[in-house]
Amino acid sequence: MTDTPNSVASSSRPSAHSQRYDRQLRLWASSGQASLEKSNILIIGANSLSSQIIKNLVLPGVGSFTILDDANVDPADMGVNFFLQPGQSQGRSAAQEMASLLSQLNENVEHNFKIESPQALLASKPGYFRSFSLVISVNQPPEFDLALSDLLWSIEPPRPQVPLLKIRSSGMVAEMTIDIKELGIVETHPDSIIDLRLTNPFPELVAFAESFNLATTDSLTHSHIPFVVILLKKLEEWKAKNGGSPPSTKSREEFVTLINSSRQPGNLDEENFDEAIAALGKHVWRPLSSDHVGAGGVPSEIRELFKDARCEVLSSHSTNFWLMVRALRDFVDNSPTKSLPLTGSLPDMKSLSATYVGLQNVYRNKATEDLETFTRILGQVCVNAGVRGGSGAIDEDEIQAFVKHAGYLKLIRGRSERERRERPRTDAVTMAFLDPVNPCTFQHHIAFRASDLFYLKHARYPGSSRTFSRNLRNQDLDAQGRSRGSKPDHGADGGGGEGEGEGDPRKAKRSKSNESDEMVANGEAAGVGAGSDVEMAVETCVNHEGHGEEEEEEEEEEKEEEEPCFEEDVRLLAKEAESVIKSLGISTDGEEMEKIHDSLKEMVRSGHCSLPPTTALMGGVVAQEAIKILTRQYVPADDLVIYDGIQQALGVFKL
Amino acid sequence: MADVQAASSQAIAGPSDWKHRHKHIDKILDRPGPSTDEAFQPGTTVKTFLREQCKILVIGAGGLGCEILANLALSGFRDIHIIDMDTIDVSNLNRQFLFRDKDVGRPKATVAAEFVEKRVPGVKVTPYHGKIQDKDDDYYMQFNIVICGLDSVEARRWMNATLVNLVDEENPESLKPLIDGGTEGFKGQARVILPTITSCYECSLDMLNKQTTYPICTIANTPRLPEHCIEWASVLEWPRVFGDKKLDSDNPDHIQWLLEQALARAESFNITGVTWNLTQGVVKNIIPAIASTNAIIAAACVLEAFKFATTSAPYLNNYMMYTGNDSVYTYTFEHEKRPDCPVCGGESRTLEVRKEWKLEKLMDLLKEMADLQISRPSLSLSGKPLYYQAPPQIEESTRPNLEKELGQLLEEGDEITVTDAKLPFTLGILVKFV
Ligand SMILES: [Zn+2]
């Protein structure tokens with residue numbers, strides 16, 4: 001519980017390792033770094049978005065990463081992917097090329113690639129996916145993401161759970177969902193863990209305060225009475241005058257007057273009194289109005305943990321987090337003031353060196369005593385639970401960190417993809433459209449979901465051709481077949497045109513050598529010259545007018561590689577959005593619809609394209625969340641994050 | 001394998017272009033979205049401007065700068081200039097991804113430019129290894145957009161003031177959007193400044209976190225924290241022992257010496273916690289930095305630049321704050337222009353003082369103003385020095401004024417001129433007696 005001592009080890013020059021990571025060690029310390037270096041991450045999908053994510057994991061030094069994808073480098077992706085090298089990467093496996101170029105960022109990181117279809121691998125070797133510390137699925141089909149989520153969600157202790165992050169982007173918009181079954185975080189890094197116990201002092205602290213005299217006439221002494229002592233004495237004085245009750249927030253002013261009455265007339269050097277008044281809010285009024293929270297009292301979130309079934313019923317499979325929560329509950333029960341263990345941290349304050357060190361020792365000694373008591377209780381808890389390792393099962397450093405953060409623990413209990421889809425929290429959706437402070441971003445989630453349904457029907461993303469869409473997904477043939485087959489409305493799509501037009505060449509695309517040829521051919525056919533695309537799209541629109549649905553489909557089939565008609569795709573996407581809107585319980589006559597409709601248009605405009613600033617930004621957000629989950633430090637988002645680059649806003653929703 | 005190579009060489013039309021290279025970005029440029037401005041000209045016009053005409057300047061090739069450069073190049077900017085005065089240090093490698101171990105010691109601007117040119121064929125990145133102050137108005141006039149990815153307040157103030165002063169109402173080309181990004185640990189901000197039109201960097205100076213400072217009397221007499229002992233070693237002991245020899249915080253021998261002094265002092269006061277890490281952190285004022293936050297802020301800046309170059313979506317008006325330590329959070333808002341901003345505001349600033357105050361008190365007041373961020377101001381009245389920090393002769397001759405009362409030195413309505421090494425302009429302050 002003491003701060004780092006002036007030991008030889010900590011005063012020696014830093015190693016090459018700590019020099020390289022210095023700027024991040026100041027955020028998550030060597031304990032966080034060690035967790036990061038032990039981790040083993042799977043990234044599904046080799047594309048510009050995943051390369052931005054991996055970059056931000058390799059730089060801080062994760063243990064190892066594996067890229068899973070069977071596709072070759074797509075020339076369009078190479079135009080927006082910084083971890084492909086034009087003149088070298090084309091025609092090669094995208095996973096292999098990216099792994100190799102990304103590994104150059106940090107030679108401490110082990111890099112792997114697996115050239116296999118994710119869908120096929122999920123079907124044949126599900127165990128493979130369970131062997132990682134974290135899985136990140138990038139631009140994968142929703143059916144695949146759902147199956148993967150089901151698989152990882154079904155892992156039960158003692159096997160460690162595998163959190164899943166699912167990400168996609170389209171133009172200036174992107175989203176990520178996080179599946180975490182349960183994550184107990186100890187080092188949440190609150191702004192301050194200072195707990196002065198002013199409203200709830202322990203005997204040694206009372207005795208320390210008693211050794212001071214506020215009425216001293218020596219001005220130097222008076223100016224250096226620590227504010228902690230001033231407040232302790234004034235609280236005592238108030239209680240003595242008011243039948244033993246402490247001041248209430250209503251008597252704020254009177255209490256301030258009482259403090260000021262002890263200032264020495266003419267002494268201009270009394271910052272210690274200013275400090276005392278400045279500390280009132282945090283260390284006196286807040287604890288007094290909340291059952292001593294901030295002064296040893298147990299905050300309501302921690303009380304919730306005490307009531308949790310996992311705290312109640314322990315077993316040999318219980319995680320360290322729950323074993324320690326249970327020990328904390330027992331500690332509080334045994335404490336005469338029903339207090340949490342003391343953190344022992346003291347802020348700087350005006351005082352003489354010796355006084356400050358003396359006061360610091362009062363807090364530190366009490367903290368050490370509490371830590372010892374806690375460790376003893378924890379040992380018993382571990383023995384009773386039958387944990388392997390018995391009373392010494394948990395590492396000393398881990399216990400220390402827990403005790404220091406006992407008032408700031410955080411438990412995240414997320415939802416699975418299936419729960420989100422089948423039972424979305426409609427109240428969260430209603431709130432999402434009512435944010436009074438920040439721009440609304442939730443409409444984009446609806447657009448992404450509608451776009452998924454669109455894909456199932458039309459075998460392409462709205463606003464994009466089939467080739468472009470398929471290259472985005474790196475979709476294998478089986479899944480492709482499934483999505484075709486599941487096309488309920490129009491038989492035309494699966495008709496004769498398909499076999500000739502695309503069946504064989506698409507198969508060929510998977511065999512590496514033909515891909516580039518096909519791309520060239522497609523490009524020429526589509527007439528990619530700037531400007532002409534737009535005109536052609538308008539023409540197509542005109543052609544479509546007045547046609548029946550069936551004919552439309554045929555036409556779409558013939559001119560397959562042309563840019564699809566914008567207006568038509570907006571209309572079709574809006575149709576798909578209807579069921580999404582209904583399932584999320586959104587009223588269709590409010591302002592929400594305007595936002596949603598704009599988002600659908602933007603979705604068709606961008607056609608799921610990768611815009612480098614958007615992928616880079618999401619790459620930052622996803623890596624950051626992965627790091628928080630892997631280090632179990634700071635607090636990850638729970639559970640849907642949406643980025644809107646047009647408005648420059650990020651929204652988080654618990655769907 | 002031979003077949004693979006042959007096939008792929010067909011796909012690549014030339015070293016700097018290949019079929020479908022722009023397919024992703026062109027989707028955004030070929031048609032407007034629902035929020036796109038009417039002025040947007042989809043297709044050839046906007047692509048030609050972005051890829052052949054737009055000239056963009058990046059200030060800083062550090063954590064943000066590396067991200068900004070790579071991302072601009074991928075986004076289609078082809079004429080990029082980069083200024084940075086630093087060389088590469090090993091502690092940069094955890095986030096500055098254009099640099100490798102072998103590059104340590106080389107200029108950041110040059111190495112970054114070389115890397116991006118190699119990875120993104122056809123992009124021209126022109127590096128300048130030096131200070132932004134080396135360049136004149138004509139130099140800055142050639143750019144369409146400027147992006148700042150700096151950790152120095154001083155450099156940003158200079159860049160901001162320079163771009164505001166560049167604005168000539170007769171010449172619309174003289175208005176250069178300034179996009180500014182900054183990060184600290186899990187936090188950061190990105191903003192768009194339209195010089196003279198929106199709030200500028202100077203307008204928001206009071207939003208900066210106040211740098212931790214330790215009172216000199218605490219350091220000298222009543223140390224309590226390990227930081228106090230380190231400050232004592234660097235601020236008081238170093239000059240006492242080494243005289244004019246400059247402390248180099250990058251020199252490990254210097255840090256070692258400070259550490260030893262601080263340790264000895266800490267021991268004599270029973271203070272614990274002096275470490276190498278802390279010593280280095282205090283002396284260099286180290287700000288934690290990670291790749292992910294830099295990626296986020298840099299990307300937001302580049303997206304804004306892309307919007308300016310293409311008008312494909314409305315630009316940010318005008319400030320986005322980001323926090324990533326507790327969940328993920330942004331706050332997007334319009335920062336208001338300050339009418340009395342010394343750089344972009346028209347109104348002069350009034351300071352209420354008392355006649356009996358000494359000039360020294362006025363000096364202290366100026367130093368404490370969060371929106372000024374100055375530490376050694378020099379004051380003059382109608383060209384005559386009231387107090388000058390330098391040269392030594394004038395400092396000496398004006399020093400007695402510090403003890404004089406303001407009533408003796410000034411009259412109601414006088415305008416005092418304030419200069420400071422940290423101020424990229426001279427500041428006029430109107431005196432009002434109360
Ligand atoms: Zn301004």
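This is a predicted model, so every value here is computed, not measured.

### Some remarks on the interface of chain A and chain B
Stage number 1. The partner chain B presents 107 residues to the 105 residues of chain A that form the contact.
Stage number 2. Both sides together, the interface formed by chain A and chain B hides about 9200 Å², and carbon and sulfur atoms give 59% of it.
Stage number 3. Broken down residue by residue, the surface that chain A buries against chain B is led by A:R23, A:F82 and A:R605, which jointly contribute 10%.
Stage number 4. We note a salt bridge from A:R20 to B:D101, for which the minimum N-O separation is 3.6 Å.
Stage number 5. Across the contact surface, chain A and chain B share 40 residue pairs in polar contact (both at pLDDT 80 or more).
Stage number 6. Sort the elements by how many residues they give to the side of chain A that touches chain B and helix α31 (residues 612–631) of chain A lands first, with 9 residues.
Stage number 7. Among the residues making up the side of chain A that touches chain B, the classes are represented as 50 nonpolar, 34 polar and 21 charged.

### Overview of the domain arrangement of chain B
Stage number 1. The domains assigned to chain B are domain 1 (2–207 + 288–333), domain 2 (216–284) and domain 3 (349–433).
Stage number 2. Here the C-alpha centre of domain 2 of chain B lies 39 Å away from the C-alpha centre of domain 1 of chain B.

### Some points on the nonpolar core
Among soluble globular proteins, nonpolar side chains are generally buried collectively.
Stage number 1. By size, the foremost hydrophobic cluster in this structure holds 127 residues, and its most contacted members are A:I136 and B:F77.
Stage number 2. Within the second largest apolar cluster, 51 residues are counted, among which are B:F143, B:Y201, B:C341 and B:C344.

### Some details on the coordination of the zinc ion
Angles between donor atoms at a metal ideally measure 109.5 degrees for a four-coordinate tetrahedral arrangement and either 90 or 180 degrees for a six-coordinate octahedral one.
Residues and elements named next belong to chain B.
Stage number 1. Only C200 (SG), C203 (SG), C341 (SG) and C344 (SG) from the protein coordinate the zinc ion, and they sit 2.2 to 2.3 Å from it.
Stage number 2. Each of the 4 donor atoms bound to the zinc ion contributes to angles spanning 97 to 119°, and the resulting shape is tetrahedral.
Stage number 3. According to the relative accessible area criterion, C200 is buried, its value standing at 0%.
Stage number 4. Residue classification places C203 among the buried residues on the basis of a relative accessible area of 2%.

### Some thoughts on the environment of A:G407
Residue and element names in this part refer to chain A.
Stage number 1. Its place among the elements puts G407 in the loop between α19 (396–404) and β8 (410–412).
Stage number 2. As a C-alpha pair, G407 and S335 span 72 residues in sequence and 15 Å in three-dimensional space.
Stage number 3. Excluding anything up to four places from it in sequence, G407 contacts P299, I302 and L340.

### A few points about unusual backbone geometry
Stage number 1. In this structure, A:P158 follows A:P157 across a cis peptide bond, with omega equal to 10°.
Stage number 2. Along the chain, A:P158 turns up in the loop between α8 (142–153) and β5 (164–170).
Stage number 3. The residue after B:N317, namely B:N318, is reached through a cis peptide bond having omega -10°.
Stage number 4. Positionally, B:N318 belongs in the loop between α12 (291–310) and β7 (319–323).

### A closer look at helix α30 (residues 592–606) of chain A
Stage number 1. An ideal rise of 1.5 Å per residue puts 21 Å on 15 residues; α30(A) measures up with 21 Å between its terminal C-alpha atoms.
Stage number 2. Against β5, α22 (443–458) and α29 (566–583) of chain A together with α2 (23–30) of chain B lie the buried residues of α30(A).
Stage number 3. Phi turns positive, to about 50°, at A:G607, one or two residues after α30(A).

### Topic: the sheet that holds strand β4 (residues 145–149) of chain B
Residue and element names in this part refer to chain B.
Stage number 1. Here we have 8 strands laid out as an open sheet, ordered β3-β2-β1-β4-β5-β6-β7-β8, and mixed in their pairing. Every interior strand has two partners, whereas the edge strands, β3 (124–129) and β8 (329–333), have only one. The average undirected angle you get between the axes of adjacent strands in this sheet is 15°.
Stage number 2. Relative to β4, strand β1 (residues 55–59) runs parallel, the two being bridged by 4 bridges. Across the sheet, V58 pairs through a bridge with I147, a residue of β4.

### Looking at the confidence of the model for chain B
Stage number 1. On average, residues of chain B score 92 in pLDDT, and 96% of them are at 70 or above.
Stage number 2. Confidence drops under a pLDDT of 50 for residues 1–14 of chain B, and excluding neighbours within four residues, the segment shows 20 contacts in the predicted structure.

### Here we look at the sheet that holds strand β13 (residues 427–433) of chain B
Residue and element names in this part refer to chain B.
Stage number 1. Ordered in space as β9-β13-β12-β10-β11, the 5 strands form an open sheet in which the pairing is mixed. Pairing within the sheet leaves two strands with one partner each, and these edge strands are β9 (349–353) and β11 (384–387). With strand direction ignored, the average angle separating the axes of adjacent strands in the sheet is 40°.
Stage number 2. Taken together, the 4 bridges between strand β10 (residues 378–381) and strand β12 (residues 415–419) define a ladder with antiparallel strand orientation. Its bridge partner being in β12, S378 is matched across the sheet by T419.

### Some words on the environment of A:K457
Stage number 1. In this structure, A:K457 sits in helix α22.
Stage number 2. A relative accessible area of 16% means that A:K457 is categorised as buried.

### Comments concerning the side chain of A:Q24
Stage number 1. With respect to the helices, strands and loops of the structure, A:Q24 is situated in helix α3 (residues 22–38).
Stage number 2. Setting aside residues no more than four positions away along its own chain, A:Q24 makes contact with A:A29, A:Q33, A:P60, B:N94, B:A289 and B:I290.

### Re the packing of α22(A) against α30(A)
Residues and elements named next belong to chain A.
Stage number 1. Their axes nearest at 8 Å, the elements α22 and α30 cross at an angle of 50°. As the angle between them shows, α22 and α30 are arranged oblique. Where α22 crosses over α30, the handedness of that crossing is right-handed. Of the residues in α30, those touching α22 at Q443, H444, I446, A447, F448, A450 and S451 are K595, I596, S599, L600 and M603.
Stage number 2. Here the contact of α22 with α30 is composed, by residue class, of 7 nonpolar, 4 polar and 1 charged.

### Description of the pattern of salt bridges
Residues and elements named next belong to chain A.
Stage number 1. Taken as a whole and assessed by the stated rule, the structure comprises 63 salt bridges over all chains.
Stage number 2. With its nearest N and O atoms 3.1 Å apart, the salt bridge here joins R92 to E97.
Stage number 3. Relative accessible area serves as the criterion here: at 28%, R92 is assigned to the partly exposed category.
Stage number 4. What makes E97 buried here is its relative accessible area of 5%.
Stage number 5. As a salt-bridge pair, R263 and D274 come within 2.8 Å of each other at their nearest N and O atoms. Of this pair, R263 sits in the loop between α12 (252–260) and α13 (271–278) while D274 sits in helix α13, and the two are 11 residues apart along the sequence.
Stage number 6. Connected through shared salt-bridge partners, K166, D179, E417, R420, R421 and D639 make up one network.

### Focus on helix α13 (residues 359–368) of chain B
Residue and element names in this part refer to chain B.
Stage number 1. Of the positions making up α13, those classed as buried are L359, L362, M363 and L366. The arc that holds the buried residues of α13, viewed along the axis, is 105°, so those residues lie on one side.
Stage number 2. Next to the buried residues of α13 lie β9, β10, β11, α15 (406–409), β12 and β13.

### Regarding the confidence of the model for chain A
Stage number 1. On average, residues of chain A score 87 in pLDDT, and 85% of them reach the 70 mark or higher.
Stage number 2. Per-residue pLDDT stays below 50 along residues 476–560 of chain A; that stretch engages in 118 contacts with residues further than four places along the chain or on separate chains.

### Quick word on the state of the cysteines
Stage number 1. Per the stated rule, a full pass over the model turns up 0 disulfides over all chains.
Stage number 2. Here A:C609 is not disulfide-linked; the sulfur of A:C565 is the nearest cysteine sulfur, at 18 Å.

### Overview of the packing of helix α9 (residues 226–242) of chain B against helix α10 (residues 252–268) of chain B
Residues and elements named next belong to chain B.
Stage number 1. Relative to each other, α9 and α10 sit at 115°, their axes nearing to 9 Å. By the angle class used here, α9 and α10 are roughly perpendicular. Two packed elements cross with a definite hand, and for α9 against α10 that hand is right-handed. Residues C229, I230, W232, A233, S234, E237, W238, V241 and F242 of α9 form the contact with α10, whose participating residues are H254, W257, L258, Q261, A262, R265 and A266.

### A few points about the pairing of β10(B)
Residues and elements named next belong to chain B.
Stage number 1. Burial of β10 is two-sided: the residues S378 and S380 facing one way and the residues L379 and L381 facing the other way are all buried.
Stage number 2. Where β10 and β11 come together, 3 bridges link them in antiparallel fashion. Its bridge partner being in β11, L379 is matched across the sheet by Y387.
Stage number 3. Where β10 folds back onto β11 in an antiparallel hairpin, the turn is made up of 2 residues, including S382, whose phi is positive at roughly 45°.

Calculation rules
Residues numbered from 1 in each chain as written. Chains lettered and ligands numbered in written order. Predicted model: local features only at pLDDT ≥ 70, side-chain atom pairs only at ≥ 80, totals over all residues. Heavy atoms only, no water. Contact = heavy atoms within 4.5 Å. Buried area = accessible area lost by both parts, 1.4 Å probe. Salt bridge = Lys/Arg side-chain N within 4 Å of Asp/Glu carboxyl O. Polar contact = N/O pair within 3.5 Å; in protein donor to acceptor, adjacent residues only side chain to side chain. Helix = DSSP H or I, 4+ residues; strand = E, 2+ residues; numbered from the N terminus. Nonpolar A, V, L, I, M, F, W, Y, C, P; charged D, E, K, R; others polar. Domains from an automatic or database assignment. Core = buried A, V, L, I, M, F, W, Y, C linked by side-chain atoms within 4.5 Å. Buried < 20%, exposed > 50% of the residue type's maximum accessible area, 1.4 Å probe, protein only. Donors = N, O, S within 2.8 Å, 3.2 Å for Na, K, Ca; no water. Tetrahedral: all angles 85-135°; square planar, octahedral: opposite > 155°, others 65-115°. Expected span 1.5 Å × (residues − 1). Pairing = 2+ DSSP bridges. Axes fitted to C-alpha atoms, helices over the stretch in contact; angles between N-to-C directions. pLDDT = per-residue confidence, 0-100. Parallel < 35°, antiparallel > 145°, perpendicular 65-115°, else oblique. Left-handed = near helix turned anticlockwise from the far one by under 90°. Arc of directions from axis to C-beta. Disulfide = S-S within 2.5 Å.

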